[in-house]
Number of protein chains: 4
Amino acid sequence: MIAVLKAGTNSEQRESLIKWFESMGLSTYVSVGEYHTIIGLIGDTSKVDVGLLESLSIIESVKRITEPYKKANRKFHEEATVVDVGGVKIGGGNFQIIAGPCSVETRDQILGIAESVRASGASILRGGAFKPRTSPYDFQGLHAEGIELLLEAKKHTGLPIISEIMNLNHLELFMDVDIVQIGARNMQNFDLLKAVGRTNKPVLLKRGLANTLKELLMSAEYIMAEGNENVILCERGIRTFENHTRNTLDLSAVPALHELTHLPVVVDPSHATGISRFVESMAAAAAAAGADGLMIEVHNDPPRALSDGAQSVTPEQFGVIAAKVRKVREAMGL
Amino acid sequence: MIAVLKAGTNSEQRESLIKWFESMGLSTYVSVGEYHTIIGLIGDTSKVDVGLLESLSIIESVKRITEPYKKANRKFHEEATVVDVGGVKIGGGNFQIIAGPCSVETRDQILGIAESVRASGASILRGGAFKPRTSPYDFQGLHAEGIELLLEAKKHTGLPIISEIMNLNHLELFMDVDIVQIGARNMQNFDLLKAVGRTNKPVLLKRGLANTLKELLMSAEYIMAEGNENVILCERGIRTFENHTRNTLDLSAVPALHELTHLPVVVDPSHATGISRFVESMAAAAAAAGADGLMIEVHNDPPRALSDGAQSVTPEQFGVIAAKVRKVREAMGL
Amino acid sequence: MIAVLKAGTNSEQRESLIKWFESMGLSTYVSVGEYHTIIGLIGDTSKVDVGLLESLSIIESVKRITEPYKKANRKFHEEATVVDVGGVKIGGGNFQIIAGPCSVETRDQILGIAESVRASGASILRGGAFKPRTSPYDFQGLHAEGIELLLEAKKHTGLPIISEIMNLNHLELFMDVDIVQIGARNMQNFDLLKAVGRTNKPVLLKRGLANTLKELLMSAEYIMAEGNENVILCERGIRTFENHTRNTLDLSAVPALHELTHLPVVVDPSHATGISRFVESMAAAAAAAGADGLMIEVHNDPPRALSDGAQSVTPEQFGVIAAKVRKVREAMGL
Amino acid sequence: MIAVLKAGTNSEQRESLIKWFESMGLSTYVSVGEYHTIIGLIGDTSKVDVGLLESLSIIESVKRITEPYKKANRKFHEEATVVDVGGVKIGGGNFQIIAGPCSVETRDQILGIAESVRASGASILRGGAFKPRTSPYDFQGLHAEGIELLLEAKKHTGLPIISEIMNLNHLELFMDVDIVQIGARNMQNFDLLKAVGRTNKPVLLKRGLANTLKELLMSAEYIMAEGNENVILCERGIRTFENHTRNTLDLSAVPALHELTHLPVVVDPSHATGISRFVESMAAAAAAAGADGLMIEVHNDPPRALSDGAQSVTPEQFGVIAAKVRKVREAMGL
């Protein structure tokens, strides 16, 4: 870590600052330039509070050289992490497609979709039981009943299941859910992160709508610091000025995260675009970019007169997408 | 609400859609243009799920005419809401300054600052006991002990107190706290919003880092829909590409919110800028913009050699700011 | 177009507004709701100034039903446009790779790279002669000499060439350049757009750093409205909060633009990411997304000790990328 | 400037890099840490191309310690610049209000508004003759005729005038215009910046919609590097996710720019909000924040039935605003 001191700092202030650094177990080196003095910090700076440091009146700016995340950092853990989800492996060359409806609605719906997506190549079943909605007046999910229906679909198809948790008091309800999902709006709900960190359950952590990759990794670090290293990261689109698509899918996050961390990276083209017609091209693009998995919304057949589904594809469309994704991975030598 | 149908929609599809609208108790009118057909919906559309509607294959786009928030909406509640905080009134012409340290650190610290800010014109004391930090390795607050010290400061000075809650299981701990604060990162932690909505305690709801005013009002609606109408909104800076200040204070949010809602609006220039030198000018600007209150970070005297405080001002600086704010309000005829 | 009137508008105001619309040759229909009155406009609304309309005191909001761009709009021109660049076709199923150095530096450099990228599958040569730089003290290009060297490379290799124009007075210099490029910072330099619109030269128009697809299409419309329909659109990354990559490549822009417009869409993964290691995966992803072409920065061999090139790949790396891109297009059935 | 080297860099690479720095006249110091080696550069680094440096394979990151702008930098020019506009001074304690219509429309309009705003306290007259419009089909201004009408208004009222230039070939037309305005969309139209830099005419430079303060100052540096130091900066709102106002006025830019530069800073609340009802509160807030001037759109009386002007205020409203602004400045001791 490097601290740049303001012009006009006197030697007494400098000494006082250096003593403070040394009291944290860091060694320092000082370089005096024409306009600025620079203090370099050597040692474990992951616990230095940059915000506090920047607040000191004699500091002009601070630059981290080493990332503040340790457990999620590829520098200290070169080998890719493989997360085992009820026997299905993800990461380190293992590619999986998670598919299923946005919300669990009825027994017939979830069983029907589950069988259909398994047949087309999905290896994990998704389904929302607790839905984060911007409006309190929108449908919020079937709650406990939704989890039960998902478990029934798991029993019928053998597919491991994933569902979103919004409240740390619901952890018990998720005991038999294979992957607990933390949604974008809860990416910095630190108490929820700690709570899932105290289990040993695989966690799929979605990137927040306006969060950086570094912030995503700091949130993964919250989970891992409690002892749970089974974290799967998920790029699901970020908020930009473009409003033709619901969000903007950031596919360069895939190679970037693969450099920064050893954790698997999954891409959700359905939420990212919000438009079912774009799911095929974005799923293929994510596969070409090297993603370790995809999460795709599939719904069963709605009244033909009304809908082909906003962000959801039909089971037939899903089959086509899964096949193209496989071909693209082959073309890329993955 | 207006739904624009895609070109090429046939009359059977149109009839099917209209029947669906009527099943929700809405009446409709239809206008056929050269390229598009438009269906207008008349009645209470606040419960129509726009996301679902946009997902239908025959819909090109949807436009709300009436806002989806009801209880927070000025159209249905013309008079400004005055929130009573332990006898101190905020909103509807009542202006208050909330001041205190970022975190409660020691008994001496919080008592000292409390007395000093009361003397300079603060009417509510702030202090963090649970701190949301991006890194799991940064200081997270004194927790229960911090709340106890705040309560002691309240007893000594008579100032009502405000502190941030991060976990719905902590509500009991906040029983004697006068205002419960929901931080920016939890603005869409819907389970926490509902939990504070089931109390009758004043809630200060901070705008999320990348959230719109409409989303802020939908989150207020979550609290109000549970029965608690004592909501104070807080503008605390939004994330932009500018990185010279920590966030960008959006002061036009003040007159905009005053048009959209009857709830009081408080501005936090300390978190918004992250730089203590800018707090005076931004506090004065917020007062000129018509804010119903300010929230300012004040710390007690740190080692002079090191700090004048990043985003915190000293008690002396706070006194100067409070005096200027009063003069600006007079100049504006407020 | 739909205009929503404010509550409390009287019938005299309404009549006055309707007469104004009729004076523009539009017919209207009026729908009176509980809180709002809505006026629908039928006819050619592309010339209605939305900004002016929204400024009227009786208007609450305005919604366009038909897009304000005509010539670039796929609705009025179903067939994909194929742009002919000195015999090389782009768009409508014709895929091309543009490659070459960021800046033309020396004769040897540009001739060497040109031959090398042609051998690996590039069909158009790029090279900057006028460079837009944030700082006046950074290298700004070789100017006229750079164009001459590019023309020499064209003669040697037979590759058509593309270079960026920054000043409308330079048009004559670009007489023999096959594609004139408008950079991201000039996307709304309307006088420059009009000037290239008065030629019949192919124009590659880059999306601005914080511009929407609709704004990009309005800028294309500026060029086309002057008579030049040979416009190629280029997605080159947009500014987001993510700073690990230089910009964020928006690949869903590819299928979105293909729906909205008939113009070809090229993707520039080099500028978008700013990191040569990510160019391969993003080029492959762009191909999977259905792009009509790629623009890739290639430099010749720099001092091995120092560089593998920030955003530029070596000729060898380019060969590998071009081969993978071909395989991905086959896998996608393109 | 500090360059952080990647882990695994060998000493030969390091020596090669250091020689390159020395060839630019810089001296260096090297610090070897546990994971990274850091090279500090001492001397005039304003000409070092950070983009190029970051592109080297052995570099992990680069941090500027000294800003890359020199002439605009307060560190090298402590005293505030006072720009003289036809006898009217702005900056260094001199506060001015620029007022007038968005576009010059007719002789009566511009003469009427000019007299009225002068009477209420405006000291400079604005009026657009060349209008940058997103759509080629919107009104683009009266061009040369608009400039002539402005000059006539100047003659009648004695007010200096300001108008926007969009094309460097128009400079001659602006010979008698007192301030040449560069609009937000042209903030990085570097050829236009250089062209106005070669005159000695005061230039009002507007911040781009998604540009940082540092980029604004680099654009000012472009003008100043050509010899023209009469630059006035203008904050006019930046693009954010909030769409209730047209843009988001960034008032902390005022104290921030006053620290970073000696140039005067003017605020335009009309364009920033796009809503005339918010101009009064934002003008007062800008004055409280310490702006050196305001730019306010005023239109003459439109048909009462239709309009109170979207972003423009009436002459009467302008009078009220100007009076409040004066009172706020007094309250702040300015």
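A.B. asks: Is there a simple way to explain the relation of the copies chain B and chain A in this structure?
C.D. replies: Note that the two copies of the chain are related through a rotation about an axis and a translation along the same axis. Mapping chain B onto chain A calls for a screw motion: a turn of 180° about the axis and a shift of 0.0 Å along it, with 0.0 Å RMSD after fitting. Viewed as a symmetry operation, the transformation between the two copies matches a two-fold axis. The C-alpha atom lying nearest the rotation axis in chain B is that of A210 of chain B; the distance is 3.1 Å.

A.B. asks: Looking at this structure, I do not really get the sheet that holds strand β13 (residues 265-267) of chain D. What am I missing?
C.D. replies: Backbone hydrogen bonds are what pair the strands of a sheet, in a parallel or an antiparallel way. Residues and elements named next belong to chain D. The strand order around the closed barrel formed by eight strands is β7-β8-β9-β10-β11-β12-β13-β14, and the pairing between neighbours is parallel. Ignoring strand direction, the axes of neighbouring strands in this sheet form an average angle of 25°. The sheet contact formed by strand β11 (residues 203-206) and strand β12 (residues 231-235) spans four bridges and is parallel. Bridge pairing in β12 links L205 to L233. Its contacts with the sheet put helix α10 (residues 315-331) on β7 (96-100) and β14 (293-297), and the angle it makes with β7 is roughly 170°.

A.B. asks: What is the right way to look at helix α6 (residues 213-225) of chain D in this model?
C.D. replies: Note on helix geometry: an α-helix contains 3.6 residues per turn, so any two residues three or four positions apart are oriented the same way. All names here are of chain D. Its 13 residues place the ends of α6 18 Å apart at the C-alpha level, agreeing with the 18 Å of an ideal helix rising 1.5 Å per residue. Along α6, the residues classified as buried are L213, E215, L216, L217, M218, S219, A220, E221, Y222, I223 and M224. Where the residues of α6 are buried, they touch α5 (190-197), β11, β12 and α7 (253-260). Positive backbone phi, approximately 115°, marks G227, located one or two places after α6.

A.B. asks: Help me out: how do you make sense of the relation of the copies chain D and chain C in this one?
C.D. replies: The transform that puts chain D on chain C rotates by 180° and translates by 0.0 Å along the axis, for an RMSD of 0.1 Å. Looking at the interface residues of chain D, 98% of them are also at the interface in chain C, so both copies use one shared face.

A.B. asks: Sorry if this is basic, but what is going on with the pairing of strand β14 (residues 293-297) of chain C here?
C.D. replies: Each regular strand displays side chains that alternate between the two surfaces of the sheet. All names here are of chain C. Across the five residues that make up β14, a large majority, five, are buried. By the alternation rule, side chains of β14 split into G293, M295 and E297 and L294 and I296, which are all buried. As defined by bridge partners, strand β7 (residues 96-100) adjoins β14 across five bridges and the pair is classed as parallel. Pairing of Q96 across the sheet is with G293, part of β14. The pairing of strand β13 (residues 265-267) with β14 spans two bridges and is classified as parallel.

A.B. asks: How should I be thinking about the interface of chain B and chain A in this particular structure?
C.D. replies: Across the boundary between the two partners, chain B contributes 52 residues, which contact 54 residues of chain A. Carbon and sulfur atoms make up 51% of the surface buried where chain B meets chain A, a total of about 4500 Å² over both sides. Inspection of the chain B/chain A interface yields two salt bridges. The residue R239 of chain A makes a salt bridge to E215 of chain B at a minimum N-O spacing of 2.5 Å. Linking chain B with chain A are 18 residue pairs in polar contact (both at pLDDT 80 or more). The set of elements that each furnish at least two residues to the side of chain B that touches chain A consists of α1 (11-23), α5 (190-197) and α6 (213-225) of chain B. With five residues, α6 of chain B is the largest single contributor of residues to the side of chain B that touches chain A.

A.B. asks: Quick question: what am I supposed to make of the packing of helix α6 (residues 213-225) of chain C against helix α7 (residues 253-260) of chain C here?
C.D. replies: Residues and elements named next belong to chain C. The N-to-C vectors of α6 and α7 enclose an angle of 50°; their axes lie 11 Å apart at closest approach. In terms of axis orientation, α6 runs oblique to α7. The way α6 lies across α7 gives a crossing that is right-handed. In this structure, α6 contributes L213, L216 and L217 to the contact, and α7 contributes A253, A256, L257 and L260. For the contact of α6 with α7, the per-class residue count stands at seven nonpolar, no polar and no charged.

A.B. asks: Even after reading the chapter, I still don't get the confidence of the model for chain A, so can you show me in this structure?
C.D. replies: As a general rule, the predicted coordinates of low-pLDDT regions are not to be interpreted in detail. All names here are of chain A. This prediction gives chain A a mean pLDDT of 91; 96% of its residues lie at or above 70. A low-confidence stretch, residues 303-308 stays under pLDDT 50, and its non-local contacts, those more than four residues away or across chains, total 17 contacts. Reported confidence for the predicted complex is 0.90 by ipTM and 0.92 by pTM.

A.B. asks: Help me understand the sheet that holds strand β1 (residues 2-5) of chain D in this model?
C.D. replies: Residues and elements named next belong to chain D. The four strands are arranged β2-β3-β1-β4 in an open sheet whose pairing can be described as antiparallel. Two strands lie at the open edges of the sheet, namely β2 (27-32) and β4 (59-63), each paired on one side alone. On average, adjacent strands in this sheet sit at an angle of 20° to one another, irrespective of strand direction. With six bridges connecting them, β2 and strand β3 (residues 37-42) associate as antiparallel partners. Opposite V30, over in β3, you have I39 as the bridge partner. Against the sheet, helix α1 (residues 11-23) contacts β1, β2, β3 and β4, and its axis sits at roughly 10° relative to β3.

A.B. asks: So what exactly am I meant to see when it comes to the domain arrangement of chain A here?
C.D. replies: Interface size is often expressed as the accessible area that is lost when the parts come together. What the domain assignment lists for chain A is domain 1 (2-63) and domain 2 (83-332). Computed over C-alpha atoms, the centres of domain 1 of chain A and domain 2 of chain A are 43 Å apart.

A.B. asks: Mind showing me how you'd approach the packing of aromatic side chains here?
C.D. replies: Each pair of aromatic rings is reported with the distance of its centres and the angle of its planes. By the definition in use, this model includes 16 aromatic pairs over all chains. In this structure an aromatic cluster arises from ring pairing among F241 of chain A, F241 of chain B, F241 of chain C together with F241 of chain D. Taking NZ or CZ as reference, R239 of chain C lies 5.9 Å from the ring centre of F241 of chain B, over its face.

A.B. asks: Hey, could you run me through the packing of helix α9 (residues 279-288) of chain D against α10 of chain D in this one?
C.D. replies: Helix-helix packing: each pair is described by the crossing angle between the helix axes and the interaxial distance. Residues and elements named next belong to chain D. Between α9 and α10, whose axes approach to 9 Å, the crossing angle comes to 25°. As judged from the angle between their axes, α9 and α10 are roughly parallel. Of the two elements, α9 crosses α10, and the hand of that crossing is right-handed. Taken together, the residues of α10 that come into contact with α9 (itself represented by V279, E280, A283, A284, A287 and A288) are V320, I321, K324, V325, V328 and R329.

A.B. asks: How do you make sense of the pattern of salt bridges when you look at a structure like this?
C.D. replies: Pairing between side chains of opposite charge can happen when their charged atoms approach one another. Enumeration according to the criterion identifies 52 salt bridges over all chains in this entry. Between R277 of chain A and E259 of chain C there is a salt bridge, with its nearest N and O atoms 2.4 Å apart. Here E259 of chain C lies in helix α7 and R277 of chain A lies in the loop between α8 (269-273) and α9 (279-288), a pairing that spans two chains. Overall, the relative accessible area of 44% leaves R277 of chain A in the partly exposed class. Judged by its relative accessible area of 33%, E259 of chain C falls in the partly exposed class. Here the salt bridges share partners, and the residues they tie into one network are R207, E235 and D250 of chain A together with E242 of chain C.

A.B. asks: Just to check I follow, could you spell out the state of the cysteines for this structure?
C.D. replies: Among covalent bonds in proteins, the disulfide is the one between the sulfur atoms of two cysteines. Overall, the coordinates contain zero disulfides over all chains when judged by the stated rule. Cysteine C234 of chain B shares no disulfide, and the gap to the nearest cysteine sulfur, in C102 of chain B, comes to 13 Å.

About the criteria used
- Residues numbered from 1 in each chain as written.
- Chains lettered and ligands numbered in written order.
- Predicted model: local features only at pLDDT ≥ 70, side-chain atom pairs only at ≥ 80, totals over all residues.
- Heavy atoms only, no water.
- Least-squares fit on C-alpha atoms with pLDDT ≥ 70 in both.
- Pairing = 2+ DSSP bridges.
- Helix = DSSP H or I, 4+ residues; strand = E, 2+ residues; numbered from the N terminus.
- Axes fitted to C-alpha atoms, helices over the stretch in contact; angles between N-to-C directions.
- Contact = heavy atoms within 4.5 Å.
- Expected span 1.5 Å × (residues − 1).
- Buried < 20%, exposed > 50% of the residue type's maximum accessible area, 1.4 Å probe, protein only.
- Buried area = accessible area lost by both parts, 1.4 Å probe.
- Salt bridge = Lys/Arg side-chain N within 4 Å of Asp/Glu carboxyl O.
- Polar contact = N/O pair within 3.5 Å; in protein donor to acceptor, adjacent residues only side chain to side chain.
- Parallel < 35°, antiparallel > 145°, perpendicular 65-115°, else oblique.
- Left-handed = near helix turned anticlockwise from the far one by under 90°.
- Nonpolar A, V, L, I, M, F, W, Y, C, P; charged D, E, K, R; others polar.
- pLDDT = per-residue confidence, 0-100.
- Domains from an automatic or database assignment.
- Phe/Tyr/Trp six-rings, centres within 6.5 Å; stacked < 30°, edge-to-face > 60°.
- Lys NZ or Arg CZ within 6 Å of the ring centre and 35° of its normal.
- Disulfide = S-S within 2.5 Å.

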